[in-house]
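As a plain string of letters, each chain reads:
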Amino acid sequence: MKIAVLSDGAWGTALAMNLIDNGHEVVSWGPFPDYLDEMREKRENVRFLPGVKLPEALSFEADIGRAADGAGLLLLATPTQYLRGVLDKLKPHFDPQRHLLLDVAKGIEVDSWLLISEMVRQVLGPNRYAVLSGPSHAEEVSRRVPTALVAASANPADAELVQQLFINDNFRVYTGSDVVGVELGGALKNVMAIAAGIIDGMKLGDNPKAALMTRGISEMGRLGELLGGKAQTFSGLSGIGDLIVTCTSGHSRNRHVGEELGRGKRLPEILSSMGMVVAEGVTTARGAYTLARRTGAETPIIDEIHAILYEDRNVPDAIRNLMSRSAKPE
């Protein structure tokens, strides 16, 4: 199958490599033609996946219409806050009968507070849609480290198609039908990873981090259910699986933001030092906080992370607020 990867970032590139391993024709589109030329010449994604040699079979296309032409799968790997602009560019070339859309980004759109599936439907209309998510860092997938994810779609045949396109000896894919739950698992865990990073930055130890992750998955499931997801989804790869890897790994950009906050740095300084690398949890915290208010969900961790990021709350005060909440049964 011809597959168009709509992103020049690390995750899209790593997945393109996996698809080429499986014998597919893969073209990578990105918003900056000069950078596509650089990747074509150097066979390396220097900005986002340095040190990884790109396969010769990976091609690059600056015209989104030519990239989508003849493709059976369009892989949406653009960071959430830029995705609407990409969808607008794609719309004149989108064929709802031919194209299966596969989202691999993780977030909630600012201001609209839409999940990616909702944003895609708003821009492109009725479509075939699936989401692929789970504990997976691009750096490790590009090195063919054993990885497991879940592909979810309202149409079982589309979930199974994604499974067959990606699965190999290094990349295991399960199927599911809970699109909302899988999307929210991937998005909300980034907020929890910021909290985990704060604990690491303050060198508080193992006890609070274990408590944070445990209560964090409970909070994610509580909000996720109220938004239409299934509680059991958050016990799977896109919930607790992704939470574990993002809260513990040195590859995690969201954990890095939290770690720097825990060391006393200010958010603008942290984000400036990251350049073009995106930590989705920073904006997702706003979306999660807003959706929690709309649904009436109890989300104390999300509330405190939102206060740290956007209300200038002192980190020790946020921890004190969480620990001093009224006693209750688990």
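Residue indices follow the written sequence of each chain, beginning from 1 at its first position. The predicted origin of the model limits local features to residues at a pLDDT of at least 70 and limits the giving and counting of side-chain atom pairs to 80 or more, whereas totals for whole chains, interfaces and linings rest on all residues. In computing side-chain properties, one takes all heavy atoms of the structure into account and sets aside hydrogens as well as water.

Peer 1: Please clarify how the overall build of the chain should be interpreted in this entry.
Peer 2: In this text, helices come from DSSP runs of H or I with a minimum length of four residues, and strands from runs of E with a minimum of two, each type numbered from the N-terminal end. Along the chain, the regular secondary structure elements total 15 helices and 10 strands. Atoms counted for the radius of gyration: C-alpha only. Globule rule: 2.2 Å times the number of residues to the power 0.38. Against the compact-globule benchmark of 20 Å for 330 residues, the chain has a radius of gyration of 19 Å, which places it among compact chains. Evaluated residue by residue, the chain yields a buried proportion of 56% over its 330 residues. When the accessible surface of the chain is totalled, it reaches about 14,100 Å², and 51% of it is carbon and sulfur. Both charge centroids of the chain, one from 35 positive and one from 41 negative side chains, sit 2 Å from each other. Between buried and exposed lies partly exposed: a residue is buried under 20% and exposed over 50% of the maximum accessible area for its type, with that area taken using a 1.4 Å probe on protein chains only. Calculation of accessible area relied on Shrake-Rupley with a 1.4 Å probe; when residues are assessed, cover is drawn exclusively from the protein chains displayed. Positive charge is attributed to Lys and Arg, negative charge to Asp and Glu, and no charge count is given to His or to the chain ends. A charged residue contributes its charge at one atom only: NZ of Lys, CZ of Arg, CG of Asp or CD of Glu.

Peer 1: Where do I start with the pairing of strand β4 (residues 49-53) in this structure?
Peer 2: Walk down a regular strand and you will see the side chains alternate between the two sheet faces. Think of it this way: DSSP has to see at least two bridges between two strands before they count as a pair. By the bridge criterion, 2 bridges tie strand β3 (residues 44-45) to β4 in an arrangement that is antiparallel. By the bridge assignment for β4, E44 is matched with K53. Remark: 3 residues form the turn of the hairpin made by β3 and β4, two consecutive strands paired antiparallel.

Peer 1: Would you mind showing me how to read the sheet that holds strand β6 (residues 73-76) here?
Peer 2: Across a sheet, paired strands are connected by hydrogen bonds in the backbone, their directions being either parallel or antiparallel. The strand order across the open sheet built from 8 strands is β5-β2-β1-β6-β7-β8-β9-β10, with neighbouring strands paired in mixed fashion. The sheet is open, and its two edges are formed by β5 (59-60) and β10 (171-176), each paired on a single side. Pairing of strand β9 (residues 147-152) with β10, which is carried by 6 bridges, proceeds in the parallel orientation. The residue of β10 that forms the bridge with A148 is R172.

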